[in-house]
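Residues per chain are reported as follows:
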Amino acid sequence: MVMFCPILIHQIDLQFFFTGGLLEPNGETDVTEWKNIFGEAAPKRLLSERARLLAAKVLLGASVSDAMEDDGSMSYFLKRPIGGHGSTYMDVIYLDETLRVMKSQTDTYYVFSRVPPQHVQE
């Protein structure tokens, strides 16, 4: 899950600021294995990884969870979000109930497909 705040610029264009998100296992993932990869049992970060994390904290005001939740999720927030500021935009090329196609200012295309909700069998 990625959180964003759309701001209306023109009647057609929206400007997006990514303000945070949630990293979580899907229903098919073994939570124990997930916690071994991303939790406290994860390998120690290299110096370059620690430097990138420090840069994210300083430049973006990143706030990363200190611990993993019981369900395996971890959240992050950006006080100075990525995007926006007049240089980032996305045009919606196609949109219906199950599919969305968007094009960025760099002519990169993104295709999003809605995943149907999982029905629990009782």
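Residues numbered from 1 in each chain as written. Predicted model: local features only at pLDDT ≥ 70, side-chain atom pairs only at ≥ 80, totals over all residues. Heavy atoms only, no water.

A word on the layout of surface pockets
- Computed from the structure, the largest pocket encloses a volume of approximately 910 Å³.
- Along the walls of the largest pocket sit 24 residues, with F38, G39, R45, S65 and M74 positioned nearest its centre.
- Taken together, the elements giving at least two residues each to the lining of the largest pocket come down to helix 1 (31–38), helix 2 (47–60) and strand 4 (74–82).
- No other element matches helix 2, which puts four residues into the lining of the largest pocket.
- Here the residues of the lining of the largest pocket sort into eleven nonpolar, three polar and ten charged. (1 Å grid on protein atoms, 1.4 Å probe; cavity = no way out; pocket = protein on both sides within 12 Å on 5 of 7 lines; lining within 4 Å. Points joined across faces, edges and corners; volume = space filled by probe spheres on them. Helix = DSSP H or I, 4+ residues; strand = E, 2+ residues; numbered from the N terminus. Nonpolar A, V, L, I, M, F, W, Y, C, P; charged D, E, K, R; others polar.)

Brief notes about the packing of aromatic side chains
- Applying the stated criterion across every chain, the model contains one aromatic pair.
- Where Y110 meets F112, the ring centres are 6.4 Å apart and the plane angle is 15°; that geometry is what we call stacked.
- Stacked on the ring of F112, the Lys or Arg R100 has its end atom at 4.8 Å from the ring centre. (Phe/Tyr/Trp six-rings, centres within 6.5 Å; stacked < 30°, edge-to-face > 60°. Lys NZ or Arg CZ within 6 Å of the ring centre and 35° of its normal.)

What about the confidence of the model for the chain?
- Mean pLDDT over the chain stands at 75; residues scoring 70 or higher make up 73%.
- Across the chain, the element-wise mean pLDDT spans from 48 in strand 1 (residues 2–8) up to 89 in strand 7 (residues 109–113).
- The low-confidence segment residues 1–5 (pLDDT under 50) makes 21 contacts with residues lying over four places distant or belonging to another chain.
- Confidence over residues 7–11 falls short of pLDDT 50; this stretch has seven contacts with residues more than four positions distant or in other chains. (pLDDT = per-residue confidence, 0-100. Contact = heavy atoms within 4.5 Å.)

Remarks on the pairing of strand 6 (residues 99–104)
- Where strand 5 (residues 90–95) lies against strand 6, five bridges are found, and the strand directions are antiparallel. Across the sheet, the residue bridging to D91 is K103, located in strand 6.
- What sits between strand 5 and strand 6 in their antiparallel hairpin is a turn of three residues.
- Strand direction decides the pairing type here: strand 6 and strand 7, joined by five bridges, are antiparallel. In the strand pairing of strand 7, R100 is matched with F112.
- Between strand 6 and strand 7, which pair antiparallel one after the other, the connecting turn spans four residues, and D107 there sits at a positive phi close to 65°. (Pairing = 2+ DSSP bridges.)

Section: the side chain of S73
- Mapped onto the secondary structure, S73 falls in the loop between strand 3 (62–64) and strand 4.
- The exposure class of S73 is buried, given its relative accessible area of 7%.
- Apart from residues lying up to four places away in sequence, S73 is in contact with L22, L23, E24, P25 and M68. (Buried < 20%, exposed > 50% of the residue type's maximum accessible area, 1.4 Å probe, protein only.)

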